[in-house]
Amino acid sequence: MKTFYKLILTLLLFVFLKSCESKKKVFFKEDFEKYEAQKQPEEPWIVSGEGITVVDTLKAYSGKKSIHFKSGEGFKNRAFISLKNIFPKETKSYHGSMKMYVEEASPDGIHWTMIQASGKTTEGFHAEVRYGGQHNKRIMANYDTKEIKSDCWHHTQFKMPEKKWVTLQWYMNREENNMKLWLEGTLIHELNVNNIDKGCLENENKGKWTFPFFEIISLGWVDYQKKGGERKIWIDDVILSEN
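Residues numbered from 1 in each chain as written. Predicted model: local features only at pLDDT ≥ 70, side-chain atom pairs only at ≥ 80, totals over all residues. Heavy atoms only, no water.

Asker: Would you take a moment to explain the side chain of Ser 82 for this structure?
Answerer: Here Ser 82 is to be found in strand β5 (residues 79-84). In this structure Ser 82 comes out as buried when scored by relative accessible area, which is 9%. In terms of polar contacts, Ser 82 uses its side chain to reach the side chain of Ser 218, at 2.6 Å. Not counting the four nearest positions on each side in its chain, Ser 82 is found in contact with Pro 44, Trp 45, Ile 46, Ile 216, Ile 217 and Ser 218. (Helix = DSSP H or I, 4+ residues; strand = E, 2+ residues; numbered from the N terminus. Buried < 20%, exposed > 50% of the residue type's maximum accessible area, 1.4 Å probe, protein only. Polar contact = N/O pair within 3.5 Å; in protein donor to acceptor, adjacent residues only side chain to side chain. Contact = heavy atoms within 4.5 Å.)

Asker: Honestly, the side chain of Thr 156 in this entry has me stumped. Any pointers?
Answerer: Here Thr 156 is to be found in strand β10 (residues 150-159). Residue Thr 156 is classed as buried on the basis of its relative accessible area, which comes to 1%. A distance of 2.7 Å separates the side chain of Thr 156 from the backbone oxygen of Ile 139, its partner in a polar contact. Contact partners of Thr 156, with chain neighbours within four places excluded, come to Arg 138, Ile 139, Met 140, Ile 188 and His 189.

Asker: Please explain the packing of aromatic side chains as it appears in this structure.
Answerer: What describes a pair of aromatic rings is the distance from one ring centre to the other and the angle between the planes of the rings. Overall, the coordinates contain 12 aromatic pairs when judged by the stated rule. Between Phe 75 and Tyr 224, the ring centres sit 6.3 Å apart and the planes meet at 10°, which makes this aromatic pair stacked. Of this pair, Phe 75 sits in the loop between β4 (66-71) and β5 while Tyr 224 sits in the loop between β15 (216-223) and β16 (231-242), and the two are 149 residues apart along the sequence. By relative accessible area, Phe 75 is classed as partly exposed at 45%. Given a relative accessible area of 23%, Tyr 224 falls into the partly exposed group. Against the face of Tyr 101 rests Lys 59, its NZ or CZ located 4.3 Å from the ring centre. Over the ring of Trp 234 we find Lys 59; its NZ or CZ atom is 5.2 Å from the centre of that ring. (Phe/Tyr/Trp six-rings, centres within 6.5 Å; stacked < 30°, edge-to-face > 60°. Lys NZ or Arg CZ within 6 Å of the ring centre and 35° of its normal.)

Asker: Explain the pairing of strand β11 (residues 165-173) to me, please; I cannot follow it from the model alone.
Answerer: The side chains of a regular strand alternate between the sheet's two faces. Of all nine residues in β11, eight are buried; the element is thus mostly enclosed. Here nine bridges tie strand β6 (residues 93-102) to β11, and the two strands are oriented antiparallel to one another. Counterpart to Gly 96 in the pairing with β11 is Trp 170. Two elements, β11 and strand β12 (residues 178-183), share six bridges in a ladder whose sense is antiparallel. Its bridge partner lying in β12, Tyr 171 is registered against Lys 180. Hairpin connection, β11 to β12: the antiparallel pair is bridged by four residues, and Asn 177 has positive phi, about 50°. (Pairing = 2+ DSSP bridges.)

By themselves, these figures tell us nothing about what the structure is for.
In structure tokens:
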């Protein structure tokens with residue numbers, strides 16, 4: 001009898017999880033298999049930075065190809081791929097996921113970004129909301145603006161995994177000014193949680209993280225400071241969806 005009830009509960013849980021998944025509308029999926037190896041990915045991807053960004057067959061989470069990034073020191077030597085206006089302008093929130101392999105994260109004190117959403121806010125200035133890291137390779141959230149000066153952060157206690165494929169999932173909501181990040185299925189950051197290290201270097205937005213419309217989604221790697229050396233990163237199986 002107990003086995004029967006356990007089976008029923010398992011089936012109910014499966015149906016519940018499937019119903020939650022069905023509420024998400026997938027806007028974009030990419031496994032990079034259709035692009036030519038050792039060349040930059042084609043449209044709709046936009047490549048930026050003076051680092052190296054190529055379709056690679058050396059490592060792949062699924063299939064035979066992924067995107068390989070080699071970024072250097074400082075912002076100009078970043079390696080990014082971006083999607084522009086992939087969501088309707090009225091999109092209030094979105095989910096993202098990807099597989100990522102980091103050979104070695106940036107050394108202590110070097111601030112990096114690996115996930116970014118940017119665009120204009122309802123208040124007229126441009127903003128960028130990011131996930132990356134800084135102190136002792138700890139993952140952090142970052143908020144930066146143009147037209148006004150705001151540069152704020154939330155440091156987590158979780159270090160960026162190295163030398164293995166990991167799953168990164170994130171959520172951004174521009175109406176609630178909230179973002180979340182999961183590492184291997186574990187929630188490691190939520191913007192409105194108070195038990196994390198946070199502060200601002202520039203603070204003309206008075207500590208607020210006013211989220212933008214999701215005009216550009218960028219993935220890859222950038223070290224904002226020098227003396228960090230070269231980074232080698234791979235990403236695969238990118239999925240973007242809207243609730």
